[in-house]
Amino acid sequence: KLFFCCCFFLLAVQWPSLVGYLVTAFLPVGGLIIVVRVKWLEIQLIYRCYFKNGKHNGDEKEFDVFLSYVWSPASEEVLGGEIISSRSPLNDEEGELCITDLLNEEVKATKKPLEVLLPQVLEDQWGYRLCLLERDVIPGGAYTNDVVLAIKKSQMLICVLSDDYFTNSNAVFELESGVQALLQNSVLKLLLLWTTKASPSLIQPDPPLPTLVQRALGVLPSLDWRSGEPSHSNFWRSLRKTMPKNKVKLVSVR
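As the structure is a prediction and not an experimental result, all values here were calculated from the model. (Residues numbered from 1 in each chain as written. Predicted model: local features only at pLDDT ≥ 70, side-chain atom pairs only at ≥ 80, totals over all residues. Heavy atoms only, no water.)

1. Details of the overall build of the protein
- Assigned secondary structure in the protein consists of 11 helices and five strands.
- Looking at the protein as a whole, 38% of its 254 residues are labelled buried.
- Long-range contacts, defined as pairs at least 24 residues apart, comprise 81% of the intrachain contacts of the protein with a sequence gap of at least 6.
- Approximately 15400 Å² of the protein is accessible, and the part contributed by carbon and sulfur atoms is 59%. (Helix = DSSP H or I, 4+ residues; strand = E, 2+ residues; numbered from the N terminus. Buried < 20%, exposed > 50% of the residue type's maximum accessible area, 1.4 Å probe, protein only. Contact = heavy atoms within 4.5 Å. Areas by Shrake-Rupley, 256 points an atom, 1.4 Å probe, with all protein chains shown as cover.)

2. Brief notes about the pattern of salt bridges
- Counting across every chain of the model gives four salt bridges.
- Between E42 and R215 there is a salt bridge, with its nearest N and O atoms 2.8 Å apart. You can see E42 sitting in helix α2 (residues 40-51) and its partner R215 sitting in helix α10 (residues 211-217), a full 173 residues away along the chain.
- Assessed through its relative accessible area of 10%, E42 is described here as buried.
- For R135, the salt bridge goes to D136, with nearest N and O atoms at 3.0 Å. (Salt bridge = Lys/Arg side-chain N within 4 Å of Asp/Glu carboxyl O.)

3. A word on the environment of Y50
- Along the chain, the position of Y50 falls in helix α2.
- With 171 residues separating them in the primary sequence, Y50 and P221 have C-alpha atoms 8.4 Å apart.
- Excluding anything up to four places from it in sequence, Y50 contacts V219, L220 and P221.

4. Overview of the sheet that holds strand β1 (residues 63-68)
- Strands sit in the order β2-β1-β3-β4-β5 across an open sheet of five strands; the sheet is parallel. Looking along the sheet, the strands with just one partner apiece sit at the ends: β2 (130-131) and β5 (222-224).
- Pairing analysis gives five bridges linking β1 to strand β3 (residues 154-161), with the strands arranged parallel. Looking across to β3, one finds that V65 is bridged to M156.
- With respect to the sheet, helix α5 (residues 114-125) is in contact with β1, β2, β3 and β4 (189-194), its orientation differing from that of β3 by roughly 155°.
- Of the strands in this sheet, β1, β3 and β4 touch helix α9 (residues 169-184), which is tilted by about 145° from β4. (Pairing = 2+ DSSP bridges. Axes fitted to C-alpha atoms, helices over the stretch in contact; angles between N-to-C directions.)

This is how it looks when you write it as structure tokens:
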């Protein structure tokens, strides 16, 4: 009896300390579980973008890049309402040599908006096949289905983000469809090209952005474009590194 009484006394004295140790040990684990549950979407996007970007043959796709953008008044003025036509693509070495001339002569002289310049560089100079909705999608179909199908047929989605982009419901839908496709298919690459100085966390357009898009803006791979700054060459070099390695092969029709 004396032995059991001593054991009970010791447990009664040390029990608060044992409980304190257990609580202290489990607090970090519990906090980590809460953070993972709250940020699970962002964790998935980061994992798929940076650690599990699958490789696939370009023959499986019809387009290298689905280009998502919104025409600004400046871009419409430059183009005169016409879609950019594609010239014969140059090989990689010629493209690298010509890009400097293109930037010096066209960007600095006319200060073309990025949505105008991108097709010229990606398609005409670098030889990638772009999907431009107004040029490559047959009108008359269901817009939402056409967008989802075109993204699935593309190796990469590039979104040119501007103030006008976030207030355009169609453009936001294209970005949202790309994020959903990325969560379902890790081989899709997604890149954001920021032309606005607004922070992702401070963007509050009317109507509000979908929650999926708002949360994805802060973690998706991105590049900043600043027209008129002398760092364009760095922008283009970084963009070139993110492009698909294997270009789609065009099937000639006889």
